[in-house]
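# A structural walkthrough
Okay, here's what each chain looks like letter by letter:
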Amino acid sequence: AKYTWVEKDTCIACGACGATAPDIFDYDDEGLAEVIYENDRNCGVTAIPDDLFDDLQDSCDGCPTDSIKIADEPFNKEG
Ligand code: F3S
């Protein structure tokens, strides 16, 4: 499994990630992306299953500001 987290400080609300991986990413009131998989609340603590990994990697590759982070360990962010 992988973990993911959106660095909102650099997200420019381009909207690509939610289109590519709607099960993983959605947008807050300002249009900034956040991890919503199993109510993660952009904490980066929810394991993303292997069957979503292609979508996750495509989103990461497609983000123009490299705001989508992926790691093997939980991020433990506070949203
Ligand atoms: Fe933001 Fe990148 Fe998604 S700029 S909306 S995190 S594709």
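For clarity, every value in this text was computed on a predicted model and none was experimentally measured. Numbers given for residues are sequential positions, taken from 1 along each chain in its written order. The predicted nature of this model means local features are confined to residues of pLDDT at least 70 and side-chain atom pairs, given and counted, to a pLDDT of 80 or more, with totals for whole chains, interfaces and linings taken over all residues. Excluded from the side-chain calculation are hydrogens and water; included are all heavy atoms of the structure.

This part takes up the site of the ligand. Here a residue is considered near a molecule or strand provided that any single heavy atom belonging to it is located within 4 Å of it. Residues in contact with the ligand amount to 13 residues; listed here are only the nearest, Cys11, Ile12, Gly15, Cys17 and Cys63. Of the residues assigned to the shell around the ligand, the class counts are ten nonpolar, three polar and no charged. Each residue is assigned to one of three groups, with Ala, Val, Leu, Ile, Met, Phe, Trp, Tyr, Cys and Pro labelled nonpolar, Asp, Glu, Lys and Arg labelled charged, and all others, Gly among them, labelled polar.

This part is about the nonpolar core. Residues Val6, Ile24, Phe25, Val35, Ile48 and Ile68 are the most contacted members of the largest nonpolar core, which totals 16 residues. Sorting the residues of this core by element identifies strand S3 (33-35) and helix H2 (53-62) as the ones contributing at least two each. Each residue touching Val35, except ones within four places of it in the same chain, is listed here: Thr4, Trp5, Val6, Ile24, Phe25, Asp40, Arg41 and Asn42. Grouping buried Ala, Val, Leu, Ile, Met, Phe, Trp, Tyr and Cys residues that are joined through side-chain atoms within 4.5 Å yields what is termed a nonpolar core. The rule is simple: take the accessible area with a 1.4 Å probe, protein chains only, and divide by the maximum for that residue type; under 20% is buried, over 50% is exposed, in between is partly exposed. By definition, any uninterrupted DSSP run of H or I lasting at least four residues is a helix, any uninterrupted run of E lasting at least two residues is a strand, and each is numbered from the N terminus. Here, two residues are considered to be in contact whenever any of their heavy atoms come within 4.5 Å of each other.

This brings us to the packing of aromatic side chains. Note on aromatic pairs: the rings of Phe, Tyr and Trp (six-membered ring only in Trp) are paired at centre separations within 6.5 Å, and the planes decide the class, stacked below 30 degrees, edge-to-face beyond 60, tilted for the rest. This structure, assessed with the given rule, holds one aromatic pair. Between Trp5 and Phe75, the aromatic rings sit 6.0 Å apart at their centres with planes inclined by 35°, giving tilted as the arrangement. Of this pair, Trp5 sits in strand S1 (residues 3-6) while Phe75 sits in the segment after strand S4 (68-71), and the two are 70 residues apart along the sequence. The class for Phe75 is partly exposed, based on a relative accessible area of 22%. To sit over a ring, a charge needs its Lys NZ or Arg CZ within 6 Å of the ring centre and within 35 degrees of the ring normal. We note Lys77 situated over the ring of Trp5; from NZ or CZ to the ring centre the distance is 4.3 Å.

This part is about the pattern of salt bridges. Basic side-chain nitrogens of Lys or Arg form a salt bridge, by our definition, when they fall within 4 Å of a carboxyl oxygen of Asp or Glu. This model, assessed by the stated rule, comprises four salt bridges. Here Lys69 and Glu7 are joined by a salt bridge, their closest N and O atoms 3.7 Å apart. With Lys69 in strand S4 and Glu7 in the loop between S1 and helix H1 (16-20), the pair connects residues that are 62 residues apart, well separated along the chain. Notably, a salt bridge pairs Asp28 with Lys8, separated by 2.8 Å at the nearest N-O pair. Placement of Asp28 in the loop between strand S2 (25-27) and S3 and of Lys8 in the loop between S1 and H1 is noted, with a sequence separation of 20 residues between them. Taken together, the salt bridges that share partners define one network made up of Lys8, Asp28 and Glu34.

Turning to H2, a few remarks are in order. The set of residues buried in H2 consists of Leu56, Ser59 and Cys60. Buried positions in H2, seen along its axis, are confined to an arc of 100° and lie on one side of it. Turned more than 90 degrees away from the buried face of H2, the exposed residues are Asp54 and Asp61. Against S1, H1, S2 and S4 lie the buried residues of H2. What the arc measures is the spread of directions leading from the helix axis to the C-beta atoms.

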